[in-house]
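# Structural characterization, general
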Amino acid sequence: MRTKQSTTLVMVGFVSIRRLLLQRKFFSSALFNPSIRGRWLSTKLNTTFKYSDLEVQLATPEQLKPKPDELVFGKHFTDHMLQISHSKSMGGWQHPQIVPFQNISLHPAAKVLHYAFELFEGMKAYRGVDGKIRLFRPDRNMERMNRSAVAAVLPTFDGDELIQCISRLVEIDQEWVPHSESSSLYIRPTLIGTDPTLGVGPTDSALLFVVLCPVGPYFASGFKPVSLLADAKYVRAWPGGVGDCKMGSNYAPTIRVQEVALKKDLQQVVWLYGSDHQLTEVGTMNIFAFIINDDGEQELITPPLNGLILPGVTRLSILELAREWKEFKVTERPITMAEVEKLLSEKRLLEIFGAGTACIVAPVSSIYFEGKTLTIPTMDHELPVHQKFLKSLSDIQYGRVEHHWAILVE
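Just so you know, these numbers come straight off a predicted model, no measurement behind them.

## Considerations on the pairing of strand S12 (residues 278-282)
Burial analysis of S12 places five of its five residues in the buried class, which makes it a mostly covered element. Sheet topology places strand S11 (residues 268-273) next to S12; four bridges connect them, and they run antiparallel. Residue pairing across strands places Val270 opposite Val282, the latter belonging to S12. In this structure, the hairpin formed by S11 and S12 is closed by a connection of four residues, where Gly274 is found at a positive phi of approximately 85 degrees. Relative to strand S13 (residues 285-292), S12 runs antiparallel, the two sharing two bridges.

## Digging into the pattern of salt bridges
On inspection of all chains with the given rule, the structure shows 18 salt bridges. The salt bridge involving Arg137 is made with Glu320; its shortest N-O contact spans 3.1 Å. Residue Arg137 is located in the loop between strand S7 (133-136) and helix H4 (138-151), and its partner Glu320 is located in helix H7 (residues 313-325); the two are separated by 183 residues in the primary sequence. The closest approach of N and O atoms between Glu339 and Arg333, which form a salt bridge, is 2.7 Å. Residue classification places Arg333 among the partly exposed positions, given a relative accessible area of 24%. Connected through salt bridges with shared partners, the residues Glu181, Lys391, Asp395 and Arg400 form a single ionic network.

## Digging into helix H9 (residues 385-397)
For H9, spanning 13 residues, the distance from its first C-alpha to its last is 19 Å, which sits close to the expected 18 Å at 1.5 Å a residue. Of the residues one or two after H9, Gly399 is the one with positive phi, at around 75 degrees.

## A short note on the side chain of Thr203
Relative to the assigned elements, Thr203 resides in the loop between strand S8 (184-193) and strand S9 (205-215). Separated by 3.2 Å, the side chain of Thr203 and the backbone nitrogen of Asp195 make a polar contact. Polar contacts involving the side chain of Thr203 include one to the main-chain carbonyl oxygen of Ser205, which spans 2.7 Å.

## Structural notes on the pairing of S13
Burial within S13 is extensive, with seven of its eight residues counted as buried. Two strands pair when backbone bridges link them, and S13 and strand S14 (residues 298-302) are joined in this way by four bridges, in the antiparallel orientation. Paired with Ile291 across the two strands is Glu299, which belongs to S14. The hairpin turn running from S13 into S14, its antiparallel successor, is five residues long, and Gly296 in that turn takes a positive phi close to 80 degrees.

## A closer look at H4
Helix length check: H4, at 14 residues, gives a terminal C-alpha distance of 20 Å against a target of 20 Å (1.5 Å per residue), a fit within 8%. Residues of H4 that are buried: Pro138, Asn141, Met142, Arg144, Met145, Asn146, Ser148 and Ala149. A positive phi of about 55 degrees marks Val153, the residue just after H4.

## Some remarks on the environment of Ala206
Its place among the elements puts Ala206 in strand S9. As for Ala206 and Ile192, which are separated by 14 residues in sequence, their C-alpha atoms are 5.6 Å apart. Apart from the residues within four sequence positions on either side, Ala206 is in contact with Ile84, Ser85, His86, Leu154, Pro155, Leu191, Ile192, Gly193 and Thr194.

## Here's the deal with the packing of H4 against H7
Each pair of packed helices gets described by two things: the angle between the helix axes and the distance between those axes. Interhelical geometry of H4 versus H7 gives an angle of 130 degrees and a closest axis separation of 10 Å. What the angle tells us is that H4 and H7 run oblique. Crossing angle aside, the handedness with which H4 passes H7 is right-handed. Of H7, the residues touching H4 (which contributes Arg140, Asn141 and Arg144) are Val313, Leu316 and Glu320. Its residues placed into classes, the contact of H4 with H7 shows two nonpolar, one polar and three charged.

## Quick look at the packing of aromatic side chains
What the rule picks out here adds up to 12 aromatic pairs. Note on Phe120 and Tyr251: the rings are 5.2 Å apart at their centroids and 55 degrees apart in plane angle, and the pair reads as tilted. Of the two residues, Phe120 is situated in strand S5 (residues 118-120) and Tyr251 in the loop between strand S10 (226-230) and helix H6 (254-263); the sequence distance between them amounts to 131 residues. Here the two residues Phe120 and Tyr251 agree in accessibility, since each one is buried. Between Trp325 and Phe389, the aromatic rings sit 5.0 Å apart at their centres with planes inclined by 15 degrees, giving stacked as the arrangement. Taken together, the residues span a long stretch of sequence, with Trp325 in helix H7 and Phe389 in helix H9 at a distance of 64 residues. Cation over ring: Lys65 sits above Phe101, and NZ or CZ is 4.0 Å from the ring centre. Above the face of the Trp325 ring, Lys388 is positioned so that its terminal group lies 4.3 Å from the ring centre.

Conventions used here
- Residues numbered from 1 in each chain as written.
- Predicted model: local features only at pLDDT ≥ 70, side-chain atom pairs only at ≥ 80, totals over all residues.
- Heavy atoms only, no water.
- Buried < 20%, exposed > 50% of the residue type's maximum accessible area, 1.4 Å probe, protein only.
- Helix = DSSP H or I, 4+ residues; strand = E, 2+ residues; numbered from the N terminus.
- Pairing = 2+ DSSP bridges.
- Salt bridge = Lys/Arg side-chain N within 4 Å of Asp/Glu carboxyl O.
- Expected span 1.5 Å × (residues − 1).
- Polar contact = N/O pair within 3.5 Å; in protein donor to acceptor, adjacent residues only side chain to side chain.
- Contact = heavy atoms within 4.5 Å.
- Axes fitted to C-alpha atoms, helices over the stretch in contact; angles between N-to-C directions.
- Parallel < 35°, antiparallel > 145°, perpendicular 65-115°, else oblique.
- Left-handed = near helix turned anticlockwise from the far one by under 90°.
- Nonpolar A, V, L, I, M, F, W, Y, C, P; charged D, E, K, R; others polar.
- Phe/Tyr/Trp six-rings, centres within 6.5 Å; stacked < 30°, edge-to-face > 60°.
- Lys NZ or Arg CZ within 6 Å of the ring centre and 35° of its normal.

Below is the structure:
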């Protein structure tokens, strides 16, 4: 006869076995269910991906593309791309992958499509006079990309790891780097939020990808100065905003204003800010003015990094070169349209030029402001300073001069 004590033991045993089976079932599910695995098996997110984990899938001969006869910016892409996924449920950053160039599949509710969770970078690889391929100051692009990621509430990463992944991608597609000292391979790292939800909030998943495209000279018809529209009713950025971040949402709204300039037979827009009409950027470039100041000195001026402008890599390089040369005064301060007009009237405005990755420098010939055209004598000098910057930076990028800013792709 079964006693009360033995019955109790049987029941306890049954409960224990049932609990054990349920636990085994749960952990078995956790191993194969990404959402459970992320919550229970990973207590810490991977804060970066690693180059040592890079996986490479080369394109088949059938997937290889013919090289273009004419280089049009952003139209022709190389055979491979880099992609790296990030998912909180999967533990953060996943292994980086180089794969054949392909389309990206996104859920229709992906946050990038609705709330502009997106940022990008622009950098280049150059084939030098010695045949070697170089990147120009990629560490600065990585720093800026991570700053933009913080502003967009997207995941950050170790910039050195991405530089190594990009270098490997360029190495694989090295045949696409033009054999020309006026052309280069444009590199576009992009980070987007891919969370498939319409909720307005941080994204739990993201995709970082890098595509490459060979590009010709920025000025296809020769190095020519540009004319600008200056109109205070159009504002690109404002204090407390994200004008200092490289986000797509900063660019799309400027196209309409660019079209206004084109209708006036002007080529670009100089973006003004404030009641004193401060010059902030020209088109998508940083802006510089070379003047004779009140003390009779030559002075290079560019707006300060006050949150209104993008901290350009070319901008930084020009400032550092100028300070190294010690040939003229270098100042970061606001420039206003009233000052431009005053300097012009006193024949103390020597040059205005833009600076950026695409063209290095772009001289300005005129500014249309409040119904009148201000003619800028940028090209009227035998040895303009913008040309000196162009030559110095080109010499570094194409290996004519050895410099620590140029990083070899090996």
